Amino acid sequence: MSKAPIRVAVTGAAGQIGYALLFRIASGQMFGPDQPVALNLIEIEPGMNALKGVVMELEDCAFPLLTDVVQTSDLNVGFKDVNWALLVGSVPRKKGMERAELLGINGKIFVGQGKAINDNAAKDVRVLVVGNPCNTNCLIAMQNAPDVPNDRFFAMTRLDENRAKSQLAQKAGVPVSAVSNLCVWGNHSPTMFADFTNAKINGKPATEVITDKAWLEETFLPVVGKRGAAIIEARGASSAASAANAVVDTVVSLTTPTAPGDFHSVCVCSKGEYGAPEGIITSLPIKSDGTKWEVVKGLHLNDFAKEKIAVSINELTSEKETAMAALA
Ligand code: NAD
Ligand code: LMR
């Protein structure tokens, strides 16, 4: 095989999302069918035995693209030379909890991980934070990795985009592939704004296809915003296969050209786009040329959209203050 492997660190590799994610990376679904990959699997000590079992299963798949697997609880080993760091490992919320409640529990994990990425990762490292509250955890990791440019840090709202697309497709009676231009703005929390005002269905404004404004504002938005909680209620555990799928989608969207005129939802470090305060990690419409990504400019936001986004941004600002106080 001629290409050098892409080395990918996955934290929480023996957890639910890890179990759904690793096999997709190793099979080529994240970086393509001719791109070798190496996996650096990171767990805390109590997870190391389960991780051993997961690695046995990876071996038993005999994936032709998988060149090397590292298993470790040492962050300096785990992030050594990695091109991608997928930060999944952290405690998921249980029934009745809000994601922000995880800040005190999980926030400190991302201090050490940010530092270890800064000191060990490859020069081109890109970091995707999945562990909740993912926006603020991403901010913490970014602040602790001063040598890694801010535009290499991402947090995940692609699951919310995918959920929103499915809901719109079902309501319109079209295949999900007919829905495009769906940006989730703000925080990966119930305050997120799944922007039906800019979404398209078969290339037409979604609001011309779904004319039931009350459904869009009062049913669609809360269904998408509270979908994570609905899954926890039904399954007794937080979403895992769909979350892993969204991790794959996010990386694919950042590393392959976006369809002309379309965009995807990724949380990135704001430079003040669409009025978001600079330096917070907020979800924005992103397009990629396959190498570099950018925020799509010029989307019209009506007063309803602006109001919704402002609520989510305020939440992110206060999460940031809480996290900084807790970590001080
Ligand atoms: P899980 O409990 O099944 O697995 C988490 C794993 O992380 C465990 O194996 C645990 O041992 C490990 N871990 C804990 N702390 C760690 C650390 N400091 N370093 C390395 N590993 C560590 O949980 P899960 O269902 O896989 O969910 C993981 C996280 O992803 C949760 O925070 C969850 O809320 C979040 N999540 C985010 C999204 C999203 O859309 N952003 C979607 C689903 C889940
Ligand atoms: C989700 O959206 O499914 C995850 O963020 C899990 C959660 O706590 O909602």
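Residues numbered from 1 in each chain as written. Chains lettered and ligands numbered in written order. Predicted model: local features only at pLDDT ≥ 70, side-chain atom pairs only at ≥ 80, totals over all residues. Heavy atoms only, no water.

## Thoughts on the overall build of the protein
Here is the rule: Going along the chain from the N terminus, every DSSP run of H or I of four or more residues is numbered as a helix, and every run of E of two or more is numbered as a strand. When a residue's accessible area, from a 1.4 Å probe over protein chains only, is under 20% of the maximum for its type it is buried; when over 50% it is exposed; and in between it is partly exposed. Contacts are assigned to residue pairs with any non-hydrogen atoms lying within 4.5 Å of each other. Each accessible area is a Shrake-Rupley result for a 1.4 Å probe, and residues are judged covered by the shown protein chains and nothing else. His is not counted here, nor are the chain ends, while Lys and Arg score as positive and Asp and Glu score as negative. All charge positions are set by atom: Lys at NZ, Arg at CZ, Asp at CG, Glu at CD.
A count of helical and extended segments in the protein gives 12 helices and 14 strands. Its C-alpha atoms give the protein principal-axis dimensions of roughly 50 × 45 × 40 Å. Classification of the 328 residues of the protein by burial places 54% in the buried group. Sequence-distant contacts, at least 24 apart, represent 73% of the contacts inside the protein between residues at least 6 apart. Accessible surface, the protein: about 14,000 Å² in total, of which carbon and sulfur atoms supply 53%. On the protein, the mean spot of the 31 positive side-chain charges and the mean spot of the 34 negative ones are 2 Å from each other.

## Comments concerning the UniProt feature "domain: Lactate/malate dehydrogenase N-terminal" (unreviewed entry) in the protein
Note the following rule: UniProt positions are given in the numbering used here, feature names are shortened, and annotations may be inferred rather than shown by experiment.
UniProt tags residues 7-149 as "domain: Lactate/malate dehydrogenase N-terminal" (unreviewed entry). For residues 7-149, the end-to-end C-alpha separation is 19 Å, with 39% helix and 18% strand making up the annotated structure.

## Examining unusual backbone geometry
With omega at -5°, the peptide bond leading from N132 into P133 counts as cis. The backbone of D81 shows a phi angle near 60°, a positive value even though the residue is not glycine. Unusually for a residue other than glycine, Y274 sits at a positive phi of about 50°. Tracing the backbone shows Y274 in the loop between β12 (264-269) and β13 (281-288).

## Details of the domain arrangement of the protein
Quick reminder of the rule: Throughout the structure description, domain borders are defined by an automatic or database domain assignment. Reported buried area values correspond to the accessible surface (1.4 Å probe) lost by two parts on association, with both partners' losses combined. In what follows, salt bridge is the name for a side-chain nitrogen of Lys or Arg lying within 4 Å of a carboxyl oxygen of Asp or Glu. Counted as a polar contact is a pair of N or O atoms within 3.5 Å, where, for protein atoms, one must be capable of donating a hydrogen and the other of accepting one, and residues adjacent in sequence contribute only when both atoms are in side chains. Side-chain classes are defined by residue name, with Ala, Val, Leu, Ile, Met, Phe, Trp, Tyr, Cys and Pro counting as nonpolar, Asp, Glu, Lys and Arg as charged, and the others, Gly among them, as polar.
Looking at the protein, the domain boundaries give domain 1 (6-155) and domain 2 (157-324). With centres defined by C-alpha atoms, the gap from domain 1 to domain 2 works out at 23 Å. Taken together, the contacts link 36 residues of domain 1 with 45 residues of domain 2. Summing both sides of the interface, domain 1 and domain 2 together bury roughly 3,100 Å²; the carbon and sulfur share of this comes to 65%. K95 is the partner of E233 in a salt bridge, and the nearest nitrogen-oxygen pair spans 4.0 Å. Where domain 1 touches domain 2, the interface holds 9 residue pairs in polar contact (both at pLDDT 80 or more). At the level of elements, α1 (16-27), β4 (84-87), β5 (126-129), α6 (134-143) and β6 (153-155) are the ones that each hand at least two residues to the side of domain 1 that touches domain 2. With 8 residues, the single largest contributor to the side of domain 1 that touches domain 2 is α6. The class makeup of the residues in the side of domain 1 that touches domain 2 is 21 nonpolar, 7 polar and 8 charged.

## Considerations on the site of ligand 2
This is how it is decided: Near residues are defined by distance, with any heavy atom within 4 Å of the molecule or strand qualifying the residue. Grid spacing is 1 Å over the protein atoms alone, the probe is 1.4 Å, and a cavity is where that probe fits but cannot get out, while a pocket is an open set with protein on both sides within 12 Å along at least five of seven lines and lining residues have an atom within 4 Å of a point. Each molecule is assigned to a cavity or pocket provided more than half of its atoms lie within 2 Å of the corresponding grid points.
In the vicinity of ligand 2, the contacting residues are R93, R99, N132, R163, H188, G228, I232, S238 and S239. Measuring from an oxygen atom of ligand 2, one finds a side-chain N or O atom of R93 at 2.5 Å. Interatomic distance of 2.6 Å between a side-chain N/O atom of H188 and an oxygen atom of ligand 2. A total of 260 Å² of accessible area belongs to ligand 2 in isolation, and the protein chains cover 94% of it. Because more than half of its atoms lie within 2 Å of the grid, ligand 2 is assigned to the largest pocket. Here the residues of the shell around ligand 2 sort into 1 nonpolar, 5 polar and 3 charged.

## So, the packing of helix α5 (residues 109-120) against α6
To keep it simple, the criterion reads: Axes here refer to lines fitted to C-alpha atoms; in helices the fit is confined to the stretch in contact. Angles between the N-to-C directions go from 0 to 180 degrees. With respect to orientation, any angle under 35 degrees is reported as roughly parallel, any angle over 145 as roughly antiparallel, any angle of 65 to 115 as roughly perpendicular, and every other angle as oblique. The sense of a crossing depends on the near helix, which, turned anticlockwise from the far helix by less than a right angle, makes the crossing left-handed and, turned clockwise, makes it right-handed.
Where α5 meets α6, the closest approach of the two axes is 7 Å, and the angle between their N-to-C directions is 40°. Between α5 and α6, the crossing angle belongs to the class labelled oblique. For the pair α5 and α6, the sense of crossing is right-handed. Residue-level inspection shows F110, V111 and G114 of α5 in contact with α6, the latter providing N137, I140 and A141. Among the residues making up the contact of α5 with α6, the classes are represented as 4 nonpolar, 2 polar and no charged.

## Side note on the site of ligand 1
Close to ligand 1 lie 25 residues; Q16, E43, S90, V130 and N132 are nearest. Taking 870 Å² as the accessible area of ligand 1 by itself, protein coverage stands at 87%. In a pocket analysis with a 2 Å cut-off to the grid points, ligand 1 is assigned to the largest pocket. Of all the elements in the fold, those that place two or more residues in the shell around ligand 1 are α1 and α5. Looking at the shell around ligand 1, you find at least three residues from each of domain 1 (6-155) and domain 2 (157-324).

## Overview of the packing of helix α7 (residues 158-172) against helix α11 (residues 241-255)
Relative orientation of the contacting elements α7 and α11 amounts to 105°, with a least axis distance of 8 Å. For the element pair α7 / α11, the angle class is roughly perpendicular. In this structure, α7 contributes R158, L159 and N162 to the contact, and α11 contributes S242, A243, N245, A246, D249, T250 and S253. In the contact of α7 with α11, the residues fall into 3 nonpolar, 5 polar and 2 charged.

## Comments concerning helix α12 (residues 303-327)
Rules: Given a helix with a known number of residues, its expected span is that number minus one, times 1.5 Å.
Along its 25 residues, α12 runs 36 Å from first to last C-alpha, staying within 8% of the 36 Å computed at 1.5 Å per residue. Summarising the contacts, the buried residues of α12 are in contact with α4 (103-106), α6, β8 (184-185), β9 (193-194) and β13.

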